[in-house]
Amino acid sequence: MFGIGMPELLLILGLALIVLGPKKLPELAKALGKGLAEFRRATDELKDEFRQMEREVEDSSPPASDKKDTAQPDAEDALAAPADSHSAPEKK
């Protein structure tokens, strides 16, 4: 938990009790707990939305193996084909 051990945590709680007093500390802890719970709910909702969007994208797109663009030749085909327009004229 943030690299804080039990002795450090007890020291922080003791200082908070001295500074805030016994009446304010429970109120502060309750508000902090509610805030953390709301933050956790919001992040869980956001994660769920991202997962749902990811599933929708995966479902709507075909697998990568089926996607072959036939309009452009492969790199091997381009290297094997002679470049007629760029070659120098042959001397006889």
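Source: prediction; values computed, not measured.

**Focus: the overall build of the protein chain**
(1) Moving on: A tally of helices and strands in the protein chain yields two helices and zero strands.
(2) Moving on: Per-residue burial over the protein chain gives 1% buried out of 92 residues.
(3) Moving on: As presented, the protein chain carries roughly 9,200 Å² of accessible surface, and 62% of it is formed by carbon and sulfur atoms.

**A look at the layout of surface pockets**
To find leftover empty space, a probe the size of one water molecule is rolled over the atoms.
(1) Moving on: Of the voids in this model, the largest pocket is the one considered here, and its volume is about 200 Å³.
(2) Moving on: Taken together, L13, A16, L25, L28, A29, L32 and L36 form the lining of the largest pocket.
(3) Moving on: A class-by-class count of the residues in the lining of the largest pocket yields seven nonpolar, no polar and no charged.

**Quick look at a nonpolar patch on the surface**
(1) Moving on: On the surface, L11, L15, I18, V19, L20 and L28 cluster together into a nonpolar patch covering about 620 Å² of accessible area.
(2) Moving on: Within the fold, L20 resides in helix 1 (residues 6–60).

**Some thoughts on the pattern of salt bridges**
(1) Moving on: Evaluated as defined, the whole model comprises two salt bridges.
(2) Moving on: Residue E38 pairs with R41 through a salt bridge whose shortest N-O separation is 2.7 Å. On the criterion of helical spacing, the pair formed by E38 and R41 is a turn pair, its members being three residues apart in helix 1.
(3) Moving on: The shortest N-O distance in the salt bridge between R51 and D48 comes to 3.5 Å. Of this pair, R51 and D48 both sit in helix 1, separated by three residues, roughly a single helical turn.

**Quick look at helix 1**
(1) Moving on: Helix length check: helix 1 (55 residues) gives 51 Å between terminal C-alpha atoms against 81 Å at 1.5 Å per residue, more than 12% under.
(2) Moving on: By the largest-angle criterion, G21 marks the main kink of helix 1, which is about 110°, and a proline, P22, follows within four residues.

Analysis parameters
- Residues numbered from 1 in each chain as written.
- Predicted model: local features only at pLDDT ≥ 70, side-chain atom pairs only at ≥ 80, totals over all residues.
- Heavy atoms only, no water.
- Helix = DSSP H or I, 4+ residues; strand = E, 2+ residues; numbered from the N terminus.
- Buried < 20%, exposed > 50% of the residue type's maximum accessible area, 1.4 Å probe, protein only.
- Areas by Shrake-Rupley, 256 points an atom, 1.4 Å probe, with all protein chains shown as cover.
- 1 Å grid on protein atoms, 1.4 Å probe; cavity = no way out; pocket = protein on both sides within 12 Å on 5 of 7 lines; lining within 4 Å.
- Points joined across faces, edges and corners; volume = space filled by probe spheres on them.
- Nonpolar A, V, L, I, M, F, W, Y, C, P; charged D, E, K, R; others polar.
- Patch = residues over 30% accessible without salt bridge, like charges linked within 9 Å, V, L, I, M, F, W, Y side chains within 5 Å.
- Salt bridge = Lys/Arg side-chain N within 4 Å of Asp/Glu carboxyl O.
- Expected span 1.5 Å × (residues − 1).
- Bend = angle between axes of the 7 residues up to and from the residue.

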